[in-house]
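Understanding the architecture of this molecule
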Amino acid sequence: MTVEPNELLQIAVRIAGGAADLARQMRDEGVTGITTKSSATDVVTAADRAAERYVREALRDSRPGDAVLGEEAGESPGKGAVRWILDPIDGTVNYLYGVPHYAVSLAAEVDGEVVAGVVRNPVSGEQWTATRGGGAWRGEVRLVGSTVTELSQTLLATGFGYAAARRVHQARVVAKLLPIVRDIRRFGAASLDLCFAAEGRVDAYYEKGLNLWDHAAGGLIAAEAGLRVGGLSGAGAGPDLVVAAPPAIWEPLQDALVRLDAAGGP
């Protein structure tokens, strides 16, 4: 049976919207159930877990048998070709502190290829969507990315890992990038960084150490907006590096990131 990306997107939008409402409601009531994962600064809250449970239960009702990969509960195998990739709250530290910049990210992957995705900011209500070959959108606005043509004029977004040793390396990379770009931005939610790049709120984005749930939906949105999305030196986007940039600055940015060993370090 053929799986239509638009049908998967409709399901993703509906379920991500419900999870976003839940996350915002729980934030309004006060953050609880705070624990840590990879380090003392890598937090998870009761809302992360509740939002993931909500999405998993809704997907079981809508598409029983599909696989789900989620940040908090790992992978649940399925019988069919569809796997859902979920970050229930991307930007949990922002969420913890009440910074209104976090998101629910949900993507649908068919036979190993992401074909539909949605990223929703529960606070602003902004929602970015894409289907493979169908373009990228914020609401009713078609996204086309930045038209920047020079690295020196590039507003570049990035993020940092939680391990101290990795941050030391990433800080060195940023310090050497800063003089050769327009400026650097660090917002704290990879999915939203990719969506911002997709609509030109920043010109480009890179980050080391992302998991698939961090960039599955946002990466599709950026690619469908006309950006190139990948890793370094022909590698695909992955834990070593995720880069999203307009074609005109792809090679200069790649060259700088390779020279500065952005994919290296711990």
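Scope of this entry: the structure provided in the associated data block. All figures in this text were calculated on a predicted structure; none of them were measured in a lab.

1. Considerations on the packing of aromatic side chains
Across all of its chains, the model carries three aromatic pairs by this definition. Look at Y95 and Y102: their rings are 4.9 Å apart centre to centre, the planes differ by 90°, and that puts the pair in the edge-to-face class. The class for Y95 is buried, based on a relative accessible area of 1%. Geometrically, the ring pair formed by F187 and F196 is edge-to-face, given 5.5 Å between the ring centres and 70° between the ring planes.

2. Re a nonpolar patch on the surface
Judged by side-chain polarity, V93, Y97, V99 and Y162 come together as a nonpolar surface patch covering roughly 370 Å² of accessible area. With respect to the element layout, V99 can be found in the loop between α3 (92-97) and β6 (103-110).

3. A few points about the pattern of salt bridges
Evaluation of the coordinates by the stated rule reveals 12 salt bridges. Salt-bridge contacts for E52 lead to R56; the nearest nitrogen and oxygen are separated by 3.0 Å. Pair noted here: E52 and R56 are both in helix α2 (residues 46-62), with a separation of four residues, about one helical turn. Take R56: its relative accessible area is 10%, and that puts it in the buried class. Linking R228 and E251 is a salt bridge whose minimum nitrogen-to-oxygen distance equals 3.9 Å. With R228 in strand β14 (residues 228-230) and E251 in helix α7 (residues 247-259), this residue pair connects regions lying 23 residues apart in the sequence. One salt-bridge network, in which partners are shared between bridges, spans E126, R138, E199 and R201.

4. What to know about α2
Helical geometry: 3.6 residues make up each α-helical turn, so side chains three or four residues apart lie on a common side. Over its 17 residues, α2 extends 24 Å from the first C-alpha to the last, a length consistent with the 24 Å expected when each residue adds 1.5 Å. N-cap assignment for α2: the residue whose side-chain oxygen lies 3.2 Å from the backbone N of A47 is T45.

5. What about the nonpolar core?
Judged by nonpolar contacts, the single largest core of 33 residues is most densely connected at I85, V119, W128, L143, Y205 and I221. Counting only elements with at least two residues in this core, the list comes to β6, β7 (113-120), β8 (127-131), β11 (155-157), α5 (190-199), α6 (212-224) and β15 (242-245). The leading source of residues in this core is α5, at seven residues. Filtering out sequence-adjacent residues up to four positions away, V119 remains in contact with A103, V104, S105, E126, Q127, W128, S191, L192, C195, A217, G218 and I221. By size, the runner-up hydrophobic cluster in this structure holds 23 residues, among which are V68, L86, A108 and A116.

6. A few points about the sheet that holds β14
Strand order across the open sheet formed by five strands is β12-β11-β13-β15-β14, with mixed pairing between neighbours. Each edge of the open sheet is held by one strand with a lone partner, namely β12 (183-185) and β14. Averaged over neighbouring strand pairs, the angle between their axes works out to 20° when direction is ignored. Where strand β13 (residues 204-207) meets β15, three bridges bridge the pair, whose relative direction is antiparallel. Within the sheet, the bridge partner assigned to Y205 lies in β15 and is A244. Against the sheet, α5 makes contact with β11, β13 and β15, and its axis sits at roughly 155° relative to β13, the strand it touches most.

7. So, unusual backbone geometry
Phi at D111 is positive, roughly 50°, even though this residue is not glycine. Note that D111 resides in the loop between β6 and β7. Using a relative accessible area of 65% as the deciding quantity, one classes D111 as exposed. We note that S233 has phi near 55°; this positive angle belongs to a residue other than glycine. Inspection of the secondary structure puts S233 in the loop between β14 and β15.

Cut-offs used in this document
- Residues numbered from 1 in each chain as written.
- Predicted model: local features only at pLDDT ≥ 70, side-chain atom pairs only at ≥ 80, totals over all residues.
- Heavy atoms only, no water.
- Phe/Tyr/Trp six-rings, centres within 6.5 Å; stacked < 30°, edge-to-face > 60°.
- Buried < 20%, exposed > 50% of the residue type's maximum accessible area, 1.4 Å probe, protein only.
- Patch = residues over 30% accessible without salt bridge, like charges linked within 9 Å, V, L, I, M, F, W, Y side chains within 5 Å.
- Areas by Shrake-Rupley, 256 points an atom, 1.4 Å probe, with all protein chains shown as cover.
- Salt bridge = Lys/Arg side-chain N within 4 Å of Asp/Glu carboxyl O.
- Helix = DSSP H or I, 4+ residues; strand = E, 2+ residues; numbered from the N terminus.
- Expected span 1.5 Å × (residues − 1).
- Polar contact = N/O pair within 3.5 Å; in protein donor to acceptor, adjacent residues only side chain to side chain.
- Core = buried A, V, L, I, M, F, W, Y, C linked by side-chain atoms within 4.5 Å.
- Contact = heavy atoms within 4.5 Å.
- Pairing = 2+ DSSP bridges.
- Axes fitted to C-alpha atoms, helices over the stretch in contact; angles between N-to-C directions.

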